[in-house]
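Notes for the structure review
Residues per chain, in single letters:
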Amino acid sequence: MAKIIAGMGTSHTPAIGAAVDLGKTAEPYWAPLFAGYEGAKRWMEEVKPDVAIIVYNDHVNAFDFKMVPTFALGCAAEYPIADEGWGARPVPPVKGYPEMASHIVQSLILDDFDMTIINEMEVDHGLTVPLSLAFGSPEAWPVRVIPLEVNVVQYPAPSGRRCYNLGKAIKEAVESWDEDLKVVIFGTGGMSHQIQGPRAGLINAEFDNKFLDGLTQDPERLADIPGIEYLRDAGNEAIELVMWLVMRGALGEAVDEVFRFYHVPASSTGVGAIILETRAFHEQRKVRTAA
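Every residue gets a number counted from 1 within its own chain, in the order that chain's sequence is written. Note on the predicted model: pLDDT of at least 70 is required for a residue's local features to be given, and 80 or more for side-chain atom pairs to be given and counted; whole-chain, interface and lining totals, by contrast, use all residues. Values reported for side chains reflect all heavy atoms of the structure, with hydrogen atoms and water molecules removed beforehand.

What about a negative patch on the surface?
- Together, Asp111, Asp112, Asp114 and Glu172 make up a negatively charged patch on the protein surface.
- Secondary structure elements follow DSSP: runs of H or I of four or more residues count as helices, runs of E of two or more count as strands, with numbering from the N terminus. The topology assignment puts Asp112 in the loop between α4 (98-110) and β6 (116-118). Patch criteria: residues need more than 30% relative accessible area and no salt bridge. Like-charged residues are merged within 9 Å; nonpolar side chains of Val, Leu, Ile, Met, Phe, Trp and Tyr are merged within 5 Å. Throughout, the Shrake-Rupley method with a 1.4 Å probe supplies accessible areas, and for residues the shown protein chains are the sole cover considered. A side-chain nitrogen of Lys or Arg and a carboxyl oxygen of Asp or Glu constitute a salt bridge if their distance falls within 4 Å. His is not counted, nor are the chain ends, whereas Lys and Arg count as positive and Asp and Glu as negative. By convention, charge coordinates are those of NZ in Lys, CZ in Arg, CG in Asp, or CD in Glu.

Here it is as structure tokens:
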């Protein structure tokens with residue numbers, strides 16, 4: 001049986017990908033950020049997950065405003081890298097898992113979630129930057145990827161509660177897949193930031209760190225944050241944080257925080273990261289370490 005063993009929440013700021021691609025990670029501006037993610041990379045290398053479900057938002061590359069699905073699940077065998085206007089990122093193509101993805105999307109639809117099925121899609125920085133932060137710059141990504149695209153671009157975005165409940169349904173879908181796999185689910189985007197208007201450049205570190213606290217301590221509170229609160233307190237683009245709630249919902253009630261990092265600034269964004277292990281997996285790891 002497949003198991004979701006952990007979730008990773010991380011920002012997906014496009015400038016981070018550019019810093020990787022242009023060899024700027026050791027420059028003074030960027031070095032503290034990339035040093036902070038070393039713990040996440042070590043965790044991935046130690047645990048070696050088989051599959052990553054990556055919850056992200058498309059930035060008008062796979063979809064334009066003629067068609068904006070609220071939730072779309074990728075069922076392709078491979079996802080090319082999108083050209084976002086300055087050339088595609090020089091990273092490996094993303095290998096999918098169409099059989100498992102088809103099983104998950106069927107389970108979700110029969111569980112009353114209206115999913116859009118995507119059989120052909122290019123992926124942008126929303127998905128590739130988290131891969132770079134978690135796995136570095138390999139010749140091929142070490143996991144198969146199931147992309148889950150969420151609309152946080154055009155009003156109305158789904159509520160935090162809806163995203164949290166979607167995560168719970170994903171957990172059930174994964175655990176009904178009859179294959180021994182370690183699955184990690186990523187929630188990406190945010191944290192506090194606004195990239196346009198009079199408040200452009202807004203960062204609210206207090207909001208961001210309380211959100212990180214809540215992922216471990218009180219996810220039910222986070223699920224009830226209304227969209228207007230993200231907008232008011234953390235900037236227009238902070239609504240992306242509802243995607244972290246899909247990740248959190250997929251982990252079950254009890255989790256253990258094993259990695260956390262927060263840094264500002266990174267291209268006018270509050271950058272946060274967290275890894276939460278499910279309680280069952282965490283206990284297994286402790287036993288193995290003690291042995």
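From this point, things continue past the structure.
Section: the environment of Leu251
- Tracing the sequence through the fold places Leu251 in the loop between α10 (242-249) and β9 (255-263).
- The spacing of Leu251 and Lys171 is 80 residues in sequence and 7.0 Å in space, taken between C-alpha atoms.
- Not counting the four nearest positions on each side in its chain, Leu251 is found in contact with Ile4, Ala6, Gly7, Lys171, Ile185, Leu276 and Thr278. In this description, contact between two residues means that some pair of their heavy atoms is separated by no more than 4.5 Å.

Observations regarding the packing of helix α3 (residues 38-47) against helix α5 (residues 125-135)
- Simply put, an axis is a line fit to the C-alpha atoms, just over the touching stretch for a helix, and the angle between two N-to-C directions goes from 0 to 180 degrees. Between α3 and α5, whose axes approach to 7 Å, the crossing angle comes to 80°. With respect to α5, the element α3 is oriented roughly perpendicular. Packed against α3, whose contacting residues are Ala40, Lys41 and Met44, the element α5 presents Leu133, Ala134 and Phe135 at the interface.
- Three classes are used, and their members are as follows: Ala, Val, Leu, Ile, Met, Phe, Trp, Tyr, Cys and Pro are nonpolar, Asp, Glu, Lys and Arg are charged, and the others, Gly among them, are polar. Considered class by class, the residues forming the contact of α3 with α5 number five nonpolar, no polar and one charged. Here is the rule for angles: anything less than 35 degrees is roughly parallel, anything more than 145 is roughly antiparallel, 65 through 115 is roughly perpendicular, and the remaining ranges are oblique.

A few points about the packing of aromatic side chains
- Pairs were defined over the aromatic rings of Phe, Tyr and Trp, the Trp ring being its six-membered one, requiring ring centres within 6.5 Å. Orientation was assigned from the angle between planes: stacked under 30 degrees, edge-to-face over 60, tilted for the rest. Scanning all chains against the criterion turns up six aromatic pairs.
- Centre to centre, the rings of Tyr37 and Phe261 are 5.6 Å apart; their planes meet at 70°, and the pair counts as edge-to-face. Taken together, the positions of Tyr37 in the loop between α2 (31-36) and α3 and Phe261 in strand β9 put the pair 224 residues apart, joining distant regions of the chain.
- With relative accessibility at 14%, the residue Phe261 sits in the buried group.
- Ring centres 6.1 Å apart and planes at 80° place the aromatic pair Phe211 and Trp244 in the edge-to-face group. One end of the pair, Phe211, is in helix α7 (residues 205-217); the other, Trp244, is in helix α10, with 33 residues separating them in the sequence. Both residues of the pair, Phe211 and Trp244, belong to the buried class.
- Following the ring pairs from residue to residue traces out a cluster consisting of Tyr29, Trp30 and Phe34.
- The rule is short: NZ of Lys or CZ of Arg within 6 Å of the ring centre and within 35 degrees of the ring normal puts a charge over the ring. The residue whose ring lies beneath Arg144 is Tyr97, and the NZ or CZ to ring-centre distance is 3.8 Å. When a residue's accessible area, from a 1.4 Å probe over protein chains only, is under 20% of the maximum for its type it is buried; when over 50% it is exposed; and in between it is partly exposed.

As for the sheet that holds strand β8 (residues 182-188)
- Spatial ordering of the open sheet is given by β6-β3-β7-β2-β8-β1-β10-β9, a layout of eight strands whose pairing is mixed. The open sheet has two edge strands, β6 and β9, and neither has a second partner. When strand polarity is set aside, the average angle formed by the axes of neighbouring strands in this sheet is 20°.
- Taken strand by strand, α4 contacts β2 (51-56), β3 (71-74), β6, β7 (144-150) and β8, and its axis lies near 155° from that of β3. Pairing between two strands is assigned when DSSP locates at least 2 bridges connecting them.

Brief notes about the nonpolar core
- As used in this record, nonpolar core signifies buried Ala, Val, Leu, Ile, Met, Phe, Trp, Tyr and Cys residues forming a set joined through side-chain atoms within 4.5 Å. Judged by nonpolar contacts, the single largest core of 56 residues is most densely connected at Met100, Ile170, Ile185, Phe211 and Tyr230.
- Element by element, the count of residues in this core is highest for helix α6 (residues 160-175), at seven residues.
- One finds Met8, Phe34, Trp43 and Ile54 within the second-largest nonpolar core, a separate group that totals 44 residues.

Some details on the pattern of salt bridges
- A complete count under the given rule lists 17 salt bridges for this structure.
- Across the salt bridge formed by Glu46 and Arg285, the nearest N and O atoms sit 2.5 Å from each other. Taken as a pair, Glu46 in helix α3 and Arg285 in helix α11 (residues 279-290) lie far apart in primary sequence, 239 residues in all.
- We classify Glu46 as exposed; its relative accessible area is 56%.
- Put simply, Arg260 and Glu257 hold a salt bridge, and the shortest N to O gap is 3.7 Å.

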